[in-house]
Amino acid sequence: MKTVGLCVCGILLGVSARAIDLVDLSGDTARQSVVAAGTPTLYNGHPSTILLPDGRTMFCFWPVNHGGYGGPAARSDDGGRTWTRIDELMPPEIGYDLECPMAHRLVDADGRARLWVWFGFRASTEQEARSPAGSAARSAAARTTAAMPSVMSEDEGRTWKACPPLGGKFRCILSFQGIVRLRDGSYLGVYHRGPEDCVDRGPLEVLSSTTSDGGRTWSEPRVIAAVPGLDLCEPWVFRSPDGKELAVLMRENTRKGRSKVIFSQDEGRTWSSPADVPDGLTGDRHQGVVLRDGRLVVCFRDIGKGSPTWGHYVAWIGPYDALHGRGTSKPYKVKLLHSYANGDCGYSGVHLLPDGTVVCTAYVKYRNDNCRQSVVTTRFKVSETDALRNGKPAAALPKR
């Protein structure tokens, strides 16, 4: 096991500069396992993961190439320590589904669980799906019937089938990045789109939709966050530790300032205006978990101005109240994976296991060689990073 380091750095975000502690775990390769290795010609892209209620079975899905076509999938039976490919279980239609997969487990009113993997849109041919220049086809498909297709399992991942796209009303760039259960048992999903099609260009806005039947049908989408001159995207929605409100963290893609956050105290019916996130939390595609002590662990690609971990895959650990600009407990950051690709990394699944281990799966060029991006899992306990932050040695993880 390599040495784990601690450094205290000044993070510059916008016009402010405040000290925030940084724990570096990126060199500790014993924490890491490779889901899918990149090669000089194979780019494994943006993963999304599902954890089953047993606290150890996980599924991972990712596209070939940057926002490319689906098909690759893997299963872990030991909480992300080892992985087995299950591509052969996927229906053939997934090979026509493009953009980053978004994986979720939803339970309907009858208690029936379904595993869902949504994509941006479904191409009509294999040639179109694998074409690097499919914007014309993408626009036409999104305007008609091919936006937000999915594959789904009704038996906890043993078998899978393709489901039809939700249709033109759900045109998007990325599908449901965040889904949260509401008090009435329904679910609220959030995603983003551009001005008229599925091509990734601004102005960008964030939308929500709800489902009361476990993901089979969704309500009319509505815009919940849009700011002239800014591009809000890649939303992650979650419930506050006290259960009283919902929060959505968003990427801001013009790079003019910080990432943004909005809040709802009425189960998503109304939302606050977008506000700046606190120090150290500016980045791309936030995903995270709420700890038992009420703190947040939020993982993302760091793009904070002046950050010593700019372009790398990191975690922000801090109190929920910091999102409101309150509280005295100071957040800190953890560098999880080093990127050798100038910031082309991140986009992750994050889960909290029963023993307190946080398991994070991201795409990253994690070696300084001629291979392209890999899908990699890393893991840590916050008790370890707390100790390292305070200058104490962390206990080694058990061997895999």
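One can find the structure itself at the top, above this paragraph.
Note that the structure is predicted; figures quoted are calculated from it, not measured. (Residues numbered from 1 in each chain as written. Predicted model: local features only at pLDDT ≥ 70, side-chain atom pairs only at ≥ 80, totals over all residues. Heavy atoms only, no water.)

Observations regarding the sheet that holds strand E3 (residues 33-36)
Reading across from one edge, E3-E28-E27-E26 is the order of the four strands in this open sheet, with antiparallel pairing throughout. The sheet is open, and its two edges are formed by E3 and strand E26 (346-352), each paired on a single side. Across the sheet, the mean angle separating the axes of adjacent strands is 25° when strand polarity is ignored. Contacts from helix H3 (residues 382-389) reach strand E27 (357-364) and strand E28 (374-381), with the element oriented near 70° to E28. (Pairing = 2+ DSSP bridges. Helix = DSSP H or I, 4+ residues; strand = E, 2+ residues; numbered from the N terminus. Axes fitted to C-alpha atoms, helices over the stretch in contact; angles between N-to-C directions. Contact = heavy atoms within 4.5 Å.)

Digging into the sheet that holds strand E17 (residues 222-225)
Backbone hydrogen bonds hold the strands of a sheet together, and the pairing may be parallel or antiparallel. Reading across from one edge, E14-E15-E16-E17 is the order of the four strands in this open sheet, with antiparallel pairing throughout. Of all strands in the sheet, those with a lone pairing partner are strand E14 (174-181) and E17, marking the two edges. Ignoring which end each strand starts from, the neighbouring axes of this sheet average 35° apart. As defined by bridge partners, strand E16 (residues 205-211) adjoins E17 across three bridges and the pair is classed as antiparallel. Looking at the pairing, Ser-208 lines up with Arg-222 of E17.

Topic: the packing of aromatic side chains
Summed over all chains, the structure comprises 13 aromatic pairs. Look at Phe-61 and Trp-160: their rings are 5.3 Å apart centre to centre, the planes differ by 70°, and that puts the pair in the edge-to-face class. Residue Phe-61 is found in strand E5 (residues 58-61), and its partner Trp-160 is found in the loop between strand E12 (150-153) and strand E13 (161-163); the two are separated by 99 residues along the sequence. When its relative accessible area of 1% is taken as the criterion, Phe-61 is described as buried. Counting every residue linked through ring pairs, the aromatic cluster contains Trp-116, Trp-118, Phe-170, Phe-176, Tyr-191 and Trp-218. Sitting above the plane of the Tyr-69 ring, Arg-130 keeps its charged end 3.9 Å from the centroid. (Phe/Tyr/Trp six-rings, centres within 6.5 Å; stacked < 30°, edge-to-face > 60°. Buried < 20%, exposed > 50% of the residue type's maximum accessible area, 1.4 Å probe, protein only. Lys NZ or Arg CZ within 6 Å of the ring centre and 35° of its normal.)

Some points on the layout of surface pockets
Reported here for the largest pocket is a volume of approximately 960 Å³. Together, 33 residues line the largest pocket, and Ile-179, Trp-236, Gly-288, Val-350 and His-351 are the ones closest to its centre. Listing elements by their share of the lining of the largest pocket, those giving two or more residues are strand E4 (48-51), strand E9 (102-107), E14, strand E18 (232-239), strand E22 (283-290) and E26. Tallied by class, the residues present in the lining of the largest pocket amount to 18 nonpolar, 11 polar and four charged. (1 Å grid on protein atoms, 1.4 Å probe; cavity = no way out; pocket = protein on both sides within 12 Å on 5 of 7 lines; lining within 4 Å. Points joined across faces, edges and corners; volume = space filled by probe spheres on them. Nonpolar A, V, L, I, M, F, W, Y, C, P; charged D, E, K, R; others polar.)

Some words on the pairing of E27
Two faces belong to every sheet, and in a regular strand the side chains alternate between them. Taking burial as the measure, the eight residues of E27 include eight buried ones, the bulk of the element. Bridge analysis of E26 against E27 gives five bridges, and the strand direction is antiparallel. Directly across from His-351, in E27, lies its bridge partner Val-359. Between E26 and the antiparallel strand that follows it, E27, lie four residues; Gly-356 among them carries a positive phi value of about 90°.

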